[in-house]
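# Secondary and tertiary structure notes
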Amino acid sequence: VAANTSIDANSIAEGIYRFDMSIHNNFRIDAFDNAVEGGVYSFHLFNAEDGQVTFPDSFVKKDGSPLGTVPVAHAEMISFCHYQGINYTTEL
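Everything numeric here is computed off the predicted structure, so don't read it as measured data.

Glancing now at the sheet that holds strand S8 (residues 76-83). The strand order S2-S4-S8-S9-S6 describes an open sheet built from 5 strands, whose pairing is mixed. Looking at strand neighbours, the two that pair on one side only are strand S2 (14-20) and strand S6 (59-60), the edges of this open sheet. Here S2 runs beside strand S4 (residues 40-46); their pairing, made up of 7 bridges, is parallel. Across the sheet, the residue bridging to Phe19 is Leu45, located in S4.

Next up, the structure:
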């Protein structure tokens, strides 16, 4: 994964996106494009050495607060549902 990356869901309603963090232990997701309304997606973050991933403002926790920057010690799986332009995580 690049230090800053954009992801294209390709108008598919579900997907798992894998990010090997061994090259860039800290990175930013600039955009998540072409997600489907009601789509369910997961980001699998692995090979981290106390890294972190920063999500765009369109990613929020269950309570509606910004997801922001997520620490990743070794591996993390973050799942979310895309609804009305917002990506609601199911955990954190």
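What follows concerns the sheet that holds strand S3 (residues 26-33). The 4 strands are arranged S1-S3-S5-S7 in an open sheet whose pairing can be described as mixed. Either end of the sheet is taken by a strand with one partner, and the two such strands are strand S1 (4-8) and strand S7 (69-72). Strand-to-strand twist in this sheet, taken as the mean axis angle between neighbours without regard to direction, amounts to 25 degrees. Bridging between S1 and S3 involves 5 bridges; their strand directions are parallel. Bridged to Ile7 within S3 is Phe32.

Secondary-structure assignment places Ser11 in the loop between S1 and S2. With relative accessibility at 55%, the residue Ser11 sits in the exposed group. Each C-alpha atom of the pair Ser11 and Val53 lies 24 Å from the other, and the pair is 42 residues apart in sequence. Look past the residues within four positions of Ser11 in its chain and what remains in contact with it is Asn34 and Val36.

Reading the values: the criteria
- Residues numbered from 1 in each chain as written.
- Predicted model: local features only at pLDDT ≥ 70, side-chain atom pairs only at ≥ 80, totals over all residues.
- Heavy atoms only, no water.
- Pairing = 2+ DSSP bridges.
- Helix = DSSP H or I, 4+ residues; strand = E, 2+ residues; numbered from the N terminus.
- Axes fitted to C-alpha atoms, helices over the stretch in contact; angles between N-to-C directions.
- Buried < 20%, exposed > 50% of the residue type's maximum accessible area, 1.4 Å probe, protein only.
- Contact = heavy atoms within 4.5 Å.

So far we have only geometry, and geometry alone does not tell us how the molecule works.
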